[in-house]
Amino acid sequence: MTKSNRTLNRIILFVLGVVSVVVGLAIGAGILPAVRDAMRPYVTFPRHVGIPAASLWIVAGACAVVIVLALLWVVTRGGGGTAVAVRERSGDDAVTVNVALVRDLIDHELSGVRDVVGSRVDTYIVRRQRAARIRVAVRRGGDAVTVLDAVDRAVATLDRTLGRQVPVLVHLTGGTRPALTKATRVH
């Protein structure tokens, strides 16, 4: 869950990668004779290039702007995904509960439900509060009401275990994995 479009991120990464490769090859061809010789069949580089000092400052400034924008992009991305499900502070002491505990508890509580194929738990920081997203894969033709009741019981057990309520988003899914999974049969 990021704040930006995945396709836009991939396009930006691709463009930056291509530009970095081209600039790296150009710099390498200007400095290292072996790179210049390897590039000679494809590109012709001049032996000596006279660049005025003002142009170098413009290039350095442009590089600094690109670096600052890249750092700004990296720092502002992300949607608050975290590995910490709960953090309680009392004075100088702090208790931290990892998301692995929540995953194990939910998996244990849902293990006996016939229509549940699998589950996944992620935690996020939403408006400065930790919240959990529980995705449950339901078998094709499974009873969603039974699954929701089981998830409600699992969330109630989670709240009792943690000693506080954690905001939870429950997402029931069906699809390729539940459709391809066979029901357990007893012969």
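Our structure's up above, just so we're on the same page.
Okay, so let's go over this structure. If you're wondering where the values come from, they're calculated on a predicted model, not measured in any experiment. (Residues numbered from 1 in each chain as written. Predicted model: local features only at pLDDT ≥ 70, side-chain atom pairs only at ≥ 80, totals over all residues. Heavy atoms only, no water.)

**Description of the pattern of salt bridges**
Taken as a whole and judged by the stated rule, the model has six salt bridges. The shortest N-O distance in the salt bridge between Arg 114 and Asp 115 comes to 3.1 Å. One salt bridge in this structure joins Asp 122 and Arg 135, with 3.4 Å as the shortest N-O distance. Remark: Arg 135 occurs in strand 5 (residues 129-138) and Asp 122 occurs in strand 4 (residues 116-126); sequence separation between them is 13 residues. Of the residues examined, Arg 135 reaches a relative accessible area of 23% and is grouped as partly exposed. The structure contains a network of salt bridges with shared partners spanning Arg 103, Arg 120, Asp 122, Arg 133 and Arg 135. (Salt bridge = Lys/Arg side-chain N within 4 Å of Asp/Glu carboxyl O. Helix = DSSP H or I, 4+ residues; strand = E, 2+ residues; numbered from the N terminus. Buried < 20%, exposed > 50% of the residue type's maximum accessible area, 1.4 Å probe, protein only.)

**Concerning the environment of Val 138**
Along the chain, Val 138 turns up in strand 5. Considering only alpha carbons, one finds Val 138 and Thr 173, 35 residues apart in sequence, at a separation of 6.0 Å.

**Here we look at unusual backbone geometry**
Positive phi, normally seen in glycine, also occurs at Arg 127, with a value near 50°. Classification of Arg 127 by relative accessible area gives exposed; the value is 82%. Despite not being glycine, Arg 128 shows a phi value in the positive range, around 65°. Looking at the secondary structure, you find Arg 128 in the loop between strand 4 and strand 5.

**Some points on helix 4 (residues 99-110)**
For helix 4, with 12 residues, the first-to-last C-alpha span of 16 Å sits near the 16 Å given by 1.5 Å per residue. Within helix 4, burial applies to Val 99, Val 102, Leu 105, Ile 106 and Leu 110. Down the axis of helix 4, the sector holding all buried residues measures 125°, keeping them to one side. More than 90 degrees from the buried face of helix 4, the exposed residues found are Asp 104 and His 108. (Expected span 1.5 Å × (residues − 1). Arc of directions from axis to C-beta.)

**Points about helix 5 (residues 144-162)**
Since the α-helix turns once every 3.6 residues, residues separated by three or four places project in the same direction. Here helix 5 is 19 residues long and its end C-alpha atoms lie 26 Å apart, about the 27 Å a rise of 1.5 Å per residue gives. Of the positions making up helix 5, those classed as buried are Val 147, Ala 150, Val 151, Ala 154, Val 155, Thr 157, Leu 158, Asp 159 and Leu 162. Packed against the buried residues of helix 5 are strand 2 (84-90), strand 3 (93-98), helix 4, strand 4, strand 5 and strand 6 (168-173). Gly 163 sits one or two residues past helix 5 and shows a positive phi near 80°. (Contact = heavy atoms within 4.5 Å.)

In short, the description is geometric, and any link to function would need to be established separately.
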